[in-house]
Amino acid sequence: MSLLLDVVLKVVVVLFAVLTGFAYLTLLERKFISRLQARIGPNRAGPAGLLQPLAEALKLILKESFVPSRADKFMFFLAPILSVIPALMLFAVIPFGNNDVLQLASHVPVGVLLVASIIGTAVYGIAIAGWSSNNKYASLGGLRAAAQVISYELAFGLAMIAVVLMSSSASLADIVTAQFGGGILGWFIFRQPLAASIFAITAMAELARAPFDLVEAEQELTAGYMTEYGGMKFALFYMSEYIKMIALSGLFVTFFLGGWNGPFAQEFWPLSLLYFFIKVLACLLVMVWVRATLPRLRYDKLMAFGWKGLLPLALANVVVTAALIVSGLPGYK
Amino acid sequence: MSAEFLVFLVVALISVASALGLLLSKNAIYAAMFLILNMVSLAVIYLLLNAPFIAAVQVAVYAGAIMVLFVFVIMLLGAEKLNAPETRPGLKWQQPLALALGVALAFQALYVVFARGITAPANVIEAGPLAIGRLLFTTYLFPFEVASILLLAAMVGAVVLTKKDN
């Protein structure tokens, strides 16, 4: 029984932290993009706009729950749930810090595979939303999402395989410890720069965020798969996108930026949590920065880039990494 | 009654119910979603048998990759409604054959259960990624290579079949 209680407590605390993080990430993104575009951003609700997420949540809860008349009602309700649950599940395998409680389930020997399977099933929410809305824009958005995720999943997985090769373990806790030696140069971003950049690009494609947001390209598809959604159901899609942003940043930190490790983090665990938080925040800010900077790709370019560019590169990277490890080069085993 | 048995009972019920749902649903998207539920519940059964690698691969490959393609094609063709005529002329022999094979399979399953009895699962082996990788590249190297050549042939076949003449 105490095990059950332990698990439930961890889940509640992580969910609370993640949902608060989501709420303030939306505010952070709006503020940061506003600054980049020489605007001020939301500043009316509360001091410096700090209550803005609360106001938005209240507004969305109070909206009418609307279902299009020819939609498939059951699937229409199920789709937002199917999209938010995988996003939350990703946090189970991310080690947040150097502490038994903060490591959560990151010791499972198949952590990387779990990440791949959760990311793979996350697309159903979007695809089903597009199909069940009975709207041509939504259907096209859902189809695009399915095609895009399948195309970029391969390079995404191969980038993770390079990390697994480097740390000779598929558990995320071991991947962090494999980056201990050699100070900052021990981080896999310096030993696996290609895998790191492929992971970053494909992660943004899996998120369907700018410059890969063809799934909801306003000019062509109004709002893509979300066209018919409003109120809390819309909020759930929004939530899943931002939660996945946080989760994938956490994965990038764990795989390439040394995880929770930093000066004195191994001796004093609160520092490790702080380092993890700072690193994730840095990744999130880069993502927002990219969104504010780069224009959207054309659809055929997106597919060609994924299949003809990233996939062969990632494959070659795995082969070269394996060869380097077998040859016993210093820094590669 | 141990917690493990309780989990097995719930998951087994879900997997049988989702398999029935797959067969009986009139809508192809619902059938696909039932199939995904079935695959995920099988993955939980693999977990109960101490095979985390197989469980994760089951979800990643079947539920995550193959079924996304199924759903994609169903949506792309708009083929979710089942409105085929009763039985097409060319397939008259299909229903009796399917019935005979199904009955044979059911007898096989019943024979195993009643003749051999239900025993505990085989000895727990260490079935992590490392152990399975070792086995694949030593004991089972030949079948592994044959399977990969088969998959490659299927892929080349698909490319050849869909290529337009120009």
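Structure: above.
Calculation rules
- Residues numbered from 1 in each chain as written.
- Chains lettered and ligands numbered in written order.
- Predicted model: local features only at pLDDT ≥ 70, side-chain atom pairs only at ≥ 80, totals over all residues.
- Heavy atoms only, no water.
- Contact = heavy atoms within 4.5 Å.
- Buried area = accessible area lost by both parts, 1.4 Å probe.
- Salt bridge = Lys/Arg side-chain N within 4 Å of Asp/Glu carboxyl O.
- Polar contact = N/O pair within 3.5 Å; in protein donor to acceptor, adjacent residues only side chain to side chain.
- Helix = DSSP H or I, 4+ residues; strand = E, 2+ residues; numbered from the N terminus.
- Nonpolar A, V, L, I, M, F, W, Y, C, P; charged D, E, K, R; others polar.
- 1 Å grid on protein atoms, 1.4 Å probe; cavity = no way out; pocket = protein on both sides within 12 Å on 5 of 7 lines; lining within 4 Å.
- Points joined across faces, edges and corners; volume = space filled by probe spheres on them.
- Phe/Tyr/Trp six-rings, centres within 6.5 Å; stacked < 30°, edge-to-face > 60°.
- Buried < 20%, exposed > 50% of the residue type's maximum accessible area, 1.4 Å probe, protein only.
- Lys NZ or Arg CZ within 6 Å of the ring centre and 35° of its normal.

**Q** Give me the lowdown on the interface of chain B and chain A, citing residues and values where you can.
**A** Contact with chain B, which involves 23 residues of that partner, is made by 23 residues of chain A. Surface buried jointly by chain B and chain A totals about 1900 Å² across both partners, of which 84% is contributed by carbon and sulfur atoms. Connecting chain B to chain A are 0 salt bridges. There are 2 residue pairs in polar contact (both at pLDDT 80 or more) connecting chain B and chain A. Those elements that place two or more of their residues in the side of chain B that touches chain A are helix 2 (28–48) and helix 3 (52–77) of chain B. Among the elements that take part in the side of chain B that touches chain A, helix 3 of chain B stands out by supplying 16 residues, more than any other. Grouping the amino acids of the side of chain B that touches chain A by side-chain chemistry returns 20 nonpolar, 2 polar and 1 charged.

**Q** Outline empty space enclosed by the protein, supporting the account with residue identities and numerical values.
**A** Leftover empty space is mapped by rolling, across the atoms, a probe with the size of a water molecule. Residue and element names in this part refer to chain A. Overall, the coordinates contain 2 cavities of 30 Å³ or more when judged by the stated rule. Within this model, the largest cavity holds a volume of roughly 130 Å³. Those elements that provide at least two residues to the lining of the largest cavity are helix 3 (73–89), helix 4 (111–121), helix 5 (123–132), helix 6 (136–167), helix 9 (193–207) and helix 11 (231–256). Counted by class, the lining of the largest cavity contains 15 nonpolar, 1 polar and 2 charged residues. When its volume is computed, the second largest cavity comes out at roughly 100 Å³.

**Q** Run through the layout of surface pockets, naming residues and quoting values.
**A** For the second largest pocket, the calculated volume is near 1700 Å³. Together, 45 residues line the second largest pocket, and A:M89, A:L114, B:V40, B:V44 and B:L47 are the ones closest to its centre. Contributions of two or more residues to the lining of the second largest pocket are made by helix 1 (2–36), helix 3 and helix 4 of chain A together with helix 2 and helix 3 of chain B. The element best represented in the lining of the second largest pocket is helix 2 of chain B, accounting for 10 residues. Each residue belonging to the lining of the second largest pocket can be placed in one class, and the counts come to 41 nonpolar, 2 polar and 2 charged.

**Q** Account for the packing of aromatic side chains, naming residues and giving values.
**A** The full count for this structure, using the stated rule, is 17 aromatic pairs over all chains. Seen from their ring centres, A:F74 and B:Y30 are 6.3 Å apart, and the 25° between their planes marks the pair as stacked. One end of the pair, A:F74, is in helix 3; the other, B:Y30, is in helix 2, on a second chain. Assessed through its relative accessible area of 51%, A:F74 is described here as exposed. Over the ring of A:Y137 we find A:K136, and its NZ or CZ is 6.0 Å from the ring centre. For the cation-ring pair, A:R144 lies above A:Y299, with the distance from its terminal atom to the ring centre recorded as 4.9 Å.

The values reported here are purely geometric and, on their own, carry no functional implication.
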